[in-house]
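# Understanding the architecture of this molecule
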Amino acid sequence: MIKQKTFRIIGMLALLVALAGLMACNSEETVTLQSEQNGVIMKITYVAEGDEVIEQSTESEIPYSSLMVTTKEEAQAILDPIVAEIQGTEGLEHNIDYQDDKAIETLTIDYTAADLSEISALPGSTFEGEEGADTVSLEQSVEMMESQGFEVVE
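Okay, so let's go over this structure. Keep in mind that what you see is a predicted model, and the values were worked out from it rather than measured.

What counts, and at which threshold
- Residues numbered from 1 in each chain as written.
- Predicted model: local features only at pLDDT ≥ 70, side-chain atom pairs only at ≥ 80, totals over all residues.
- Heavy atoms only, no water.
- Pairing = 2+ DSSP bridges.
- Helix = DSSP H or I, 4+ residues; strand = E, 2+ residues; numbered from the N terminus.
- Contact = heavy atoms within 4.5 Å.
- Axes fitted to C-alpha atoms, helices over the stretch in contact; angles between N-to-C directions.
- Expected span 1.5 Å × (residues − 1).
- Bend = angle between axes of the 7 residues up to and from the residue.
- Buried < 20%, exposed > 50% of the residue type's maximum accessible area, 1.4 Å probe, protein only.
- Salt bridge = Lys/Arg side-chain N within 4 Å of Asp/Glu carboxyl O.
- Polar contact = N/O pair within 3.5 Å; in protein donor to acceptor, adjacent residues only side chain to side chain.

## Here we look at the sheet that holds strand E3 (residues 52–63)
- If you walk across this open sheet you meet the 6 strands as E4-E5-E3-E2-E1-E6, and the pairing is antiparallel. The strands lining the two open edges of the sheet, one partner per strand, are strand E4 (92–98) and strand E6 (151–152).
- Sheet topology places strand E1 (residues 28–37) next to E6; 2 bridges connect them, and they run antiparallel. Bridge pairing links glutamine 34 to glutamate 151 in E6.
- Strands E4 and strand E5 (102–110) of the sheet are contacted by helix H2 (residues 72–86), whose axis makes an angle of about 175° with E4.

## Re H2
- Compared with an ideal rise of 1.5 Å per residue, which puts 15 residues at 21 Å, H2 spans 20 Å between its outermost C-alpha atoms and is within 8% of the ideal.
- In the structure, H2 departs most strongly from a straight axis at leucine 79, where the bend amounts to approximately 35° and where the proline proline 81 lies between one and four residues downstream.
- Of all the residues in H2, the buried ones are Ala75, Leu79, Val83 and Ile86.
- Among the structural elements, E4 and E5 are those in contact with the buried residues of H2.

## Overview of the pattern of salt bridges
- Applying the stated criterion across every chain yields a total of 1 salt bridge.
- Residues glutamate 61 and lysine 102 are paired through a salt bridge, measuring 3.6 Å at the closest nitrogen-oxygen approach. With glutamate 61 in strand E3 and lysine 102 in strand E5, this residue pair connects regions lying 41 residues apart in the sequence.
- Residue class for lysine 102 comes out partly exposed when judged on its relative accessible area of 23%.

## What about the environment of aspartate 80?
- By secondary structure assignment, the location of aspartate 80 is in helix H2.
- With a relative accessible area of 36%, aspartate 80 lands in the partly exposed category.
- In the structure, aspartate 80 is positioned 16 residues away from isoleucine 96 in sequence and 8.8 Å away in space, judged by C-alpha atoms.
- Of note is the side chain of aspartate 80, whose polar atom sits 2.8 Å from the side chain of tyrosine 98.

## Some words on unusual backbone geometry
- With phi around 55°, asparagine 38 is a residue other than glycine that occupies positive phi space.
- Mapped onto the secondary structure, asparagine 38 falls in the loop between E1 and strand E2 (40–49).
- Owing to a relative accessible area of 74%, asparagine 38 belongs among the exposed residues under this scheme.
- For methionine 68, which is not glycine, the phi torsion reads 60° and is therefore positive.
- Here methionine 68 shows up in the loop between E3 and H2.
- For methionine 68, a relative accessible area of 77% puts it in the exposed group.

Such coordinate-based values are descriptive only and should not be taken to indicate function.
So this is what it looks like as structure tokens:
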């Protein structure tokens, strides 16, 4: 009787350890990096399952002075044509909020819905690695952004 209870307890513990291991493999990790260059503050957040990035969001605070303009209309004249080039890209959401002295740009890429080759061809995209790859590596992305002056903040 005692052997049977011990065996059941050990079996349950083994099952719990196995479930915990499976949950850890599928857990999401979030890494946020930030940089300030020429007055522009940029924050990039990666959400990954393991090393595979499934979503990337970017928020940029762009003072009009960094565009060498003074009004939101002048900023729109510069930024709207760039926005037009990326609109309609599957898996990508983009918005610019023009304020009195700056523009707040938000961009989100859902890599589970986006075509990586299409995303990598967009203006401003920076991709390194194997051509034809169908995933984005969290580790390589963080290393690349750190090499460009970004720092992990979260």
